[in-house]
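# Architecture and fold: a report
Take a look at the letters that make up each chain.
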Amino acid sequence: MRNLSLKQLQAVAAIARLGTMTRAAQELNVTPAALTARIKALEDEAGLLLFDRTSAGLKPTDAGREMLWAIDSINTVLETCAERLKALRGGSGGRVAVGVVSTAKYFAPQIISGFVHQHPSIEIDLVVGNRGATLESIRDYKVDLAVMGRPPRDFPISAESFGPHPLVVIAAPGHRFAGRVGITRAELAEEPFLVREYGSGTRTVFEEFMTGVMIKRARFGIDSGSNETIKQTVMAGLGIALISGHTVAAEVASRRLIILDVEGLPIRREWFVVRRADKVLSPAARSLWDYIVTEGASWLPTLPLRPPGAPAGATAAA
């Protein structure tokens with residue numbers, strides 16, 4: 001039935017409902033002869049009669065009833081499609097693909113949860129990866145938008161900041177610098193450092209911050225693509241690390257890690273929501289973009305950071 005068309009199915013439905021070729025032809029605005037030819041061609045292709053000719057009019061055969069089931073099914077699909085298109089136009093439904101750099105995975109699900117609570121009909125595909133993978137997803141249109149700490153510069157993008165992104169130096173609670181105030185970069189350079197892999201945003205910030213200072217690499221020798229690996233290694237006392245404060249909020253709160261009071265830290269960057277400049281957002285994706293920009297900061301973790309010039313023990317929210 002490769003040549004089966006919607007018009008043919010509509011013709012079968014009209015004949016079954018009205019009982020005669022003449023009345024069905026009038027409703028469909030075709031001649032009875034044309035309608036008869038249309039049904040004859042359909043019966044020839046099916047190899048079965050679609051109607052029994054009775055004294056009470058044309059009645060569908062088993063084959064005819066299969067055709068009627070098909071048209072009912074198609075109508076249901078079309079109605080569902082129409083409802084979904086209406087939802088898409090209104091931004092109340094649809095699917096959005098969201099890229100998230102691994103450093104943001106500690107709060108991005110909470111932002112998504114808040115959004116989905118307000119828009120339960122919108123489905124979210126969350127894709128977590130390192131910076132390189134996330135940039136590739138944006139570049140190749142695999143995601144509608146992404147959350148990251150530093151927008152790319154090598155292709156046109158649109159970006160809006162939505163909250164502060166502090167970077168801090170962490171250590172094990174028993175570290176010799178615990179409780180010290182105003183630790184210098186030179187002092188830090190005497191400590192074994194654990195660093196993220198080349199190309200990560202955190203690695204770039206680390207290299208900028210320690211420019212001109214020779215550092216001692218950890219004997220453990222780790223170039224890690226995982227914040228979790230770095231946190232566990234620092235907790236084990238094998239070194240210190242410059243890391244996004246939002247990745248260690250839970251460990252700092254539970255005193256499994258401490259934030260060192262270092263001159264010039266925390267480095268205060270921003271979190272951004274990013275998309276390709278030529279990416280046209282669907283209403284659903286636009287709703288999520290707007291939610292992140294306006295509400296994203298409220299979902300960011302808080303950290304006990306000492307404001308510049310404040311006495312030891314003072315804290316501020318990140």
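Residue numbering note: each chain is counted from 1, following its sequence as written. Given that this is a predicted model, residues contribute local features only at a pLDDT of at least 70 and side-chain atom pairs are listed and counted only at 80 or more, while totals for whole chains, interfaces and linings are drawn from all residues. Note that water and hydrogens are dropped before the side-chain values are worked out from all heavy atoms of the structure.

### With respect to the overall build of the protein
Selection rule: Secondary structure elements are taken from DSSP: a helix is a run of H or I of four residues or more, a strand is a run of E of two residues or more, and numbering for both begins at the N terminus. When a residue's accessible area, from a 1.4 Å probe over protein chains only, is under 20% of the maximum for its type it is buried; when over 50% it is exposed; and in between it is partly exposed. Only heavy atoms enter the contact rule, under which two residues are in contact if any of them lie within 4.5 Å. Note that accessible areas follow from Shrake-Rupley with a 1.4 Å probe, and for residues the cover is restricted to the protein chains shown.
Helix and strand counts for the protein come out as eleven helices and twelve strands. When each of the 318 residues of the protein is scored for burial, the buried share is 43%. Expressed as a percentage of contacts within the protein between residues at least 6 apart in sequence, the contacts between residues at least 24 apart total 71%. As presented, the protein carries roughly 16,200 Å² of accessible surface, and 53% of it is formed by carbon and sulfur atoms.

### Some words on the pairing of strand β4 (residues 122-129)
What counts, and what does not: Between any two strands, at least two bridges found by DSSP are needed for them to pair.
When strand β3 (residues 94-101) meets β4, the two strands line up parallel, connected through eight bridges. Pairing of V98 across the sheet is with L126, part of β4.

### Brief notes about the environment of W69
Mapping W69 onto the fold places it in helix α4 (residues 62-90). In sequence terms W69 and A13 are 56 residues apart; their C-alpha atoms lie 9.6 Å from each other.

### Quick look at helix α11 (residues 283-295)
Which entries qualify depends on this criterion: Any helix carries an expected span of 1.5 Å times its number of residues minus one. Note that the arc is defined by the directions from the helix axis to the C-beta atoms.
If you check α11, its first and last C-alpha atoms are 18 Å apart, about what 13 residues at 1.5 Å a residue would give, namely 18 Å. Buried within α11 we find A284, A285, L288, W289, Y291 and I292. Along the axis of α11, the buried residues cluster in a sector spanning 160°; they form a single face. Those residues of α11 hidden inside the fold are in contact with β3, α5 (108-118), β4, β5 (145-148), β6 (157-171) and β12 (267-276).

### Let's talk about the nonpolar core
Stated formally: The set of buried Ala, Val, Leu, Ile, Met, Phe, Trp, Tyr and Cys residues whose side-chain atoms join them within 4.5 Å is what this entry labels a nonpolar core.
Residues F107, F162, W271, L288 and I292 are the most contacted members of the largest nonpolar core, which totals 32 residues. Counting only elements with at least two residues in this core, the list comes to β3, α5, α6 (131-139), β5, β12 and α11. The greatest single-element share of this core, amounting to six residues, is contributed by α11. Each residue touching I292, except ones within four places of it in the same chain, is listed here: I111, L145, V147, F162 and V273. By size, the runner-up hydrophobic cluster in this structure holds 21 residues, among which are A25, L35, L58 and A70.

### What about α5?
Here α5 has its buried residues at A108, I111, I112, G114 and F115. Looking straight down α5, one finds that the buried residues subtend no more than 160° of arc, so they occupy a single side. Packed against the buried residues of α5 are β3, β4, β6 and α11.

### A few points about the pairing of β6
In the sheet, β6 pairs with β12 via ten bridges, with the strands oriented antiparallel. Note on β12: the bridge partner recorded for G163 is W271. The pairing of β6 with strand β10 (residues 240-244) spans four bridges and is antiparallel. Paired with V169 across the strands is L242, a residue of β10. In this sheet, strand β11 (residues 258-259) lies alongside β6 in antiparallel orientation, the contact comprising two bridges. Across the sheet, residue A171 finds its bridge partner in β11, namely I258.

### Some words on the side chain of E43
Residue placement: E43 occurs in helix α3 (residues 32-46). When near neighbours in sequence (up to four residues on either side) are disregarded, E43 contacts L48, L49, L50, F51 and R53.

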